[in-house]
Amino acid sequence: MEFVWVVLILPLVGALINGLLGRRMSKRAVSGVACGSVGVAFLFAVNALLGLLRLPPEERVFTQTLFDWIVAGGLSAKFSLLLDPLSAVMLLVVTGVGFLIHLYSVGYMGEDRDYSRYFSWLNLFTFSMLLLVLADNFLLLFVGWELVGLCSYLLIGFWFTKPSAASAAKKAFVVTRVGDFGFMIGLFLIFATFGTFDYFRVFEEAPQVLAYGGALATGITLLLFAGAVGKSAQIPLYVWLPDAMEGPTPVSALIHAATMVTAGVYLIARAYVLYELAPVSMAVVAAIGVATAFFAATMALVTHDIKRMLAYSTISQLGYMFLATGVGAYAAGMFHLVSHAFMKALLFLSAGSVMHALGGEETDMRRMGGLRTKLPYTSTVFLLGSLGLSGIPPLVGFFSKDLILEETFLSGNTTLWLVGLAAAVLTAFYMLRGHFLTFYGKPRYDETKVHPHESPPVMLWPLFALAALTVFGGILWISFLNFAPFEKFLEPVFEGARLVGEEEHPAALSTGMLVLLSVLAAGVGIGIAWLVYLRGVTVGEGLRRAFRPLYTLLYNRYYVDELYTALFVVPGRRLSEFLAGSFDQGLLNGIVNGVGRLVDALGGALRRVESGYIRAYAAWMLVGALAILIYLYLR
Amino acid sequence: MSVPVVNYLVLSAVLFAVGTLGVLSRRNALILFMSIELMLNAVNLAFIAFARQWGDMAGQVIVFFVLVVAAAEVVVGLAIIINIFRTRETVDVDDVDRLRG
């Protein structure tokens, strides 16, 4: 445990080596440094976990102060790390999944000429994310929070010569900044209220300082949630994530599926003490979560781009996590975070494998199809990921999603549960639709030009590892058997949480029925996908015409991007043009140039005095002396 | 019998005016110098006259100061004039106008 700082430092060292010397190193050396640093960091993270497990549950908190960072007046922020079950879980996900994705990148990015730049940024991201989860105060968390945002920007725009990638990076940066604005005000409020950023002091004093359900508690939590909405791509700030797919696919897997976008969920789980004091905020979190889960799923139904489909799916699954935290089931939310990290990394990496097989950057599923025989391994692991995300037992996704729905139901909010269940049907449908479109049917790519081939072992092994995690991850928490090591592990962190009470709300449906219903939901979705995309069952013309407007609406993503463009981008651009044109060039430049011209004119008038004739100077002196004399005489 | 002090003052004023006119109207640096000396000595004369009238030695002391400073000034001034003559081959002050605005 004492070596937890090593986990943090290693990726930074890797980033520095590859960033500064990478251009002069061989590709093999660059890969060695990048994967090695994250891999060893993972081992240290496992070591830290084992260290925690050796302690009795209630003592599993370890802080390590590296140095005093800011000491100014009443503000004292230490650069110190916090290792407790919650951060240990994140630590393992970030380094473990991160390591697999690094390894995969060795194959996927092998041909890129900016190989070392890619890996130095990927390592820098890993460091930033670790800083975010290991911070023991809000200020340090915010530093990690902004650093991952920066790395996200850099990696989305990795191929910055492509205009779409450059603008997608900009969009991601600006849109998350909107949420961060609220986040920062929330941080200021925390400091103004508690006089400290330290987690433990804030959480300890919160019940005394903040009134239950009071305006201050609600305000702080909602502002923090604004940051989470931006970072975790929830309604209304989700628009950046689908565009972020312009980055390399492993980046989408690491940053925009497994780790960074879950930072918002982590933030709420970390600050759950505050949320417990603000029931309104909890309700908002749950409502936005479930709404996002549903609407993002509807948008995933119709997109033809395999990566965008996975992006909408990510948004939707993040919605589930927020739903869980919103109803107070923090451990369940964290479990879905972990399970989603496995499955979505797996899905993204298999999608990358498909793109790789088709020779580059083909993401349109209308030009895929029939790849099952060509890519047997990729096809199998993709299917595992799809079924897992759909919630088919015994894959990990079944346990985590079922748990969230169950906890939501038990919290007594049937509407939220129903919407969540509907989103589960949609999830199963779009995932299997994607699978069938990609791997079944007749090939729709140009067979004369493209010869699909299975990916090299360095890309396949990470896929197998993730597939194994997807298959066996469920044993971490089998809710209906009351076998829950994951929950037991996190329990000390969330001990103050209000119980999702079976006692308070006598369940109308038994746990068994709930499990059955959620499996049924997945089954229905898969069944429809199977009928439509595999059996080729076509619906009647009348029905199709009736659904045409809905399809158009979904296909155009509810016109939200257009709405935001009209509401914010166009006025923003107009304002900028006004500021750059009339204001800057006209007014400001006018003032600056005016001052210059005034001085010039004044100097021109005065220079005549400096005639260079000594006699003239002497005459002026005489005049001056006479003037003084006359003045003295007349006085 | 003594000469009334007003005579000295009139002579001093005349000398000063001659010096001033010389400074203003002549272009030769040496003549300028001589004119300045004339003005200084006009002032000296006025000092002496007043010192005599009031029986106050301060006026005479100041004259000594003026003489010493004038001597020092002549040394520096002549050095400058010689240097100007060496570089520009002229002692005409109107030609020495490189600092003109």
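Criteria and cut-off values
- Residues numbered from 1 in each chain as written.
- Chains lettered and ligands numbered in written order.
- Predicted model: local features only at pLDDT ≥ 70, side-chain atom pairs only at ≥ 80, totals over all residues.
- Heavy atoms only, no water.
- Helix = DSSP H or I, 4+ residues; strand = E, 2+ residues; numbered from the N terminus.
- Buried < 20%, exposed > 50% of the residue type's maximum accessible area, 1.4 Å probe, protein only.
- Core = buried A, V, L, I, M, F, W, Y, C linked by side-chain atoms within 4.5 Å.
- Contact = heavy atoms within 4.5 Å.
- Buried area = accessible area lost by both parts, 1.4 Å probe.
- Salt bridge = Lys/Arg side-chain N within 4 Å of Asp/Glu carboxyl O.
- Polar contact = N/O pair within 3.5 Å; in protein donor to acceptor, adjacent residues only side chain to side chain.
- Nonpolar A, V, L, I, M, F, W, Y, C, P; charged D, E, K, R; others polar.
- Phe/Tyr/Trp six-rings, centres within 6.5 Å; stacked < 30°, edge-to-face > 60°.
- Lys NZ or Arg CZ within 6 Å of the ring centre and 35° of its normal.
- Axes fitted to C-alpha atoms, helices over the stretch in contact; angles between N-to-C directions.
- Parallel < 35°, antiparallel > 145°, perpendicular 65-115°, else oblique.
- Domains from an automatic or database assignment.
- pLDDT = per-residue confidence, 0-100.
- Bend = angle between axes of the 7 residues up to and from the residue.
- Pairing = 2+ DSSP bridges.
- Expected span 1.5 Å × (residues − 1).

As for unusual backbone geometry
Residue and element names in this part refer to chain A. Residue Pro-236 is reached from Ile-235 by a cis peptide bond, and omega for that bond is 5 degrees. Put simply, Pro-393 and Pro-394 share a cis peptide bond, and its omega is 5 degrees. Counting through the fold element by element, Pro-394 comes out in the loop between helix H16 (376-390) and helix H17 (396-410). Although it is not a glycine, Ala-233 adopts a positive phi angle of roughly 55 degrees. Within the secondary structure layout, Ala-233 lies in the loop between helix H8 (215-231) and helix H9 (240-243). A relative accessible area of 0% places Ala-233 in the buried class. One non-glycine residue, Tyr-559, adopts positive backbone phi at about 55 degrees. Secondary-structure assignment places Tyr-559 in the loop between helix H22 (541-555) and helix H23 (560-607). The exposure class assigned to Tyr-559 is partly exposed, which follows from its relative accessible area of 37%.

Digging into the nonpolar core
In terms of nonpolar packing, the biggest core is built from 205 residues, with Leu-83, Met-129, Phe-138, Leu-224, Leu-274, Met-334 and Phe-494 of chain A touching the most fellow members. Sort the elements by how many residues they give to this core and helix H15 (residues 330-357) of chain A lands first, with 19 residues. What Leu-224 of chain A contacts, discounting residues up to four positions off in sequence, is Phe-138, Phe-183, Leu-187, Ile-190, Leu-267, Ala-271, Leu-274 and Tyr-275 of chain A. Core analysis: the next-biggest nonpolar cluster, separate from the first, contains 5 residues, Ala-29, Leu-32, Phe-33 and Val-93 of chain B among them.

Here's the deal with the interface of chain B and chain A
Contacts between chain B and chain A engage 14 residues on the former and 10 residues on the latter. Here chain B packs against chain A, burying approximately 980 Å² in sum over the two surfaces, 61% of which is carbon and sulfur. In this structure, the connection of chain B to chain A is made through 1 salt bridge. A salt bridge links Asp-94 of chain B to Arg-615 of chain A, with the nearest nitrogen and oxygen atoms 2.4 Å apart. On the surface where chain B and chain A come into contact, there are 1 residue pair in polar contact (both at pLDDT 80 or more). The leading source of residues in the side of chain B that touches chain A is helix H1 (residues 5-25) of chain B, at 4 residues. When the residues that make up the side of chain B that touches chain A are grouped by side-chain class, the tally is 6 nonpolar, 3 polar and 5 charged.

Describing the packing of aromatic side chains
All names here are of chain A. All chains considered together, the criterion is met by 34 aromatic pairs over all chains. Geometry around Tyr-115 places Lys-27 over its ring, the cationic atom sitting 5.2 Å from the centre. The cationic tip of Arg-177 hangs over the ring face of Phe-173; the distance from NZ or CZ to the ring centre is 4.2 Å.

Here we look at the packing of helix H2 (residues 29-54) of chain B against helix H3 (residues 58-88) of chain B
Residue and element names in this part refer to chain B. Across the interface, H2 lies against H3 with an axial gap of 9 Å and an inter-helix angle of 175 degrees. As the angle between them shows, H2 and H3 are arranged roughly antiparallel. Seen from H2, the contacting residues are Ala-29, Leu-30, Phe-33, Ile-36, Glu-37, Leu-40, Asn-41, Asn-44, Phe-47, Ile-48 and Ala-51; seen from H3, they are Gly-59, Gln-60, Ile-62, Val-63, Val-66, Leu-67, Ala-70, Glu-73, Val-74, Gly-77, Leu-78 and Ile-81. In the contact of H2 with H3, the residues fall into 16 nonpolar, 5 polar and 2 charged.

Some remarks on the domain arrangement of chain A
Splitting chain A by domain gives domain 1 (64-82 + 182-498 + 506-532) and domain 2 (560-634). For domain 1 of chain A and domain 2 of chain A, the distance between their C-alpha centres works out to 60 Å.

A closer look at the pattern of salt bridges
All names here are of chain A. Applying the stated criterion to the full structure yields 17 salt bridges over all chains. Here Asp-114 ties to Arg-117 by a salt bridge, and the two come within 2.7 Å at their closest N and O atoms. Neither residue differs from the other here; Asp-114 and Arg-117 are each classed as buried. Between Asp-243 and Arg-308 there is a salt bridge, and its shortest N-O distance comes to 3.1 Å. You can see Asp-243 sitting in helix H9 and its partner Arg-308 sitting in helix H14 (residues 306-326), a full 65 residues away along the chain. Three or more residues joined by partner-sharing salt bridges are found here, namely Lys-171, Asp-243, Arg-308, Arg-557 and Asp-561.

Some thoughts on the confidence of the model for chain A
Across chain A, the average pLDDT comes to 90, with 98% of residues at 70 or higher. Scored below 50 in pLDDT, residues 500-504 of chain A shows 9 contacts in the model against residues more than four places distant or in partner chains.

Topic: the side chain of Thr-303 of chain A
Residues and elements named next belong to chain A. Tracing the backbone through its elements, the reader meets Thr-303 in the loop between helix H13 (279-302) and H14. Accessibility expressed as a relative area gives 11% for Thr-303, which makes it buried. Sequence-distant contacts of Thr-303, defined by excluding residues within four places in its chain, comprise Arg-308, Met-309, Tyr-312, Met-365 and Arg-433.

Structural notes on H22 of chain A
When the local axis directions of H22 of chain A are compared, the greatest deviation, roughly 45 degrees, occurs at Arg-548 of chain A, which is followed within four positions by the proline Pro-549 of chain A. Positive phi appears at Arg-557 of chain A, one or two residues downstream of H22 of chain A, with a value of about 55 degrees.

Topic: the pairing of strand E1 (residues 62-72) of chain A
All names here are of chain A. In terms of strand pairing, E1 meets strand E2 (residues 75-83) through 9 bridges, oriented antiparallel. When the sheet's bridge partners are listed, Gln-64 is paired in E2 with Leu-81. What sits between the antiparallel neighbours E1 and E2 is a turn of 2 residues, in which Gly-73 has the positive phi angle 60 degrees.

Section: helix H1 (residues 4-21) of chain A
Residues lying three or four places apart along an α-helix face the same way, a consequence of the helix completing one turn every 3.6 residues. Residue and element names in this part refer to chain A. An ideal rise of 1.5 Å per residue puts 26 Å on 18 residues; H1 measures up with 26 Å between its terminal C-alpha atoms. Every buried residue of H1 is listed here: Val-4, Val-6, Val-7, Leu-8, Pro-11, Gly-14, Ala-15 and Asn-18. The inward-facing, buried residues of H1 contact helix H2 (27-54), E1, E2, helix H3 (85-108) and helix H4 (115-134).

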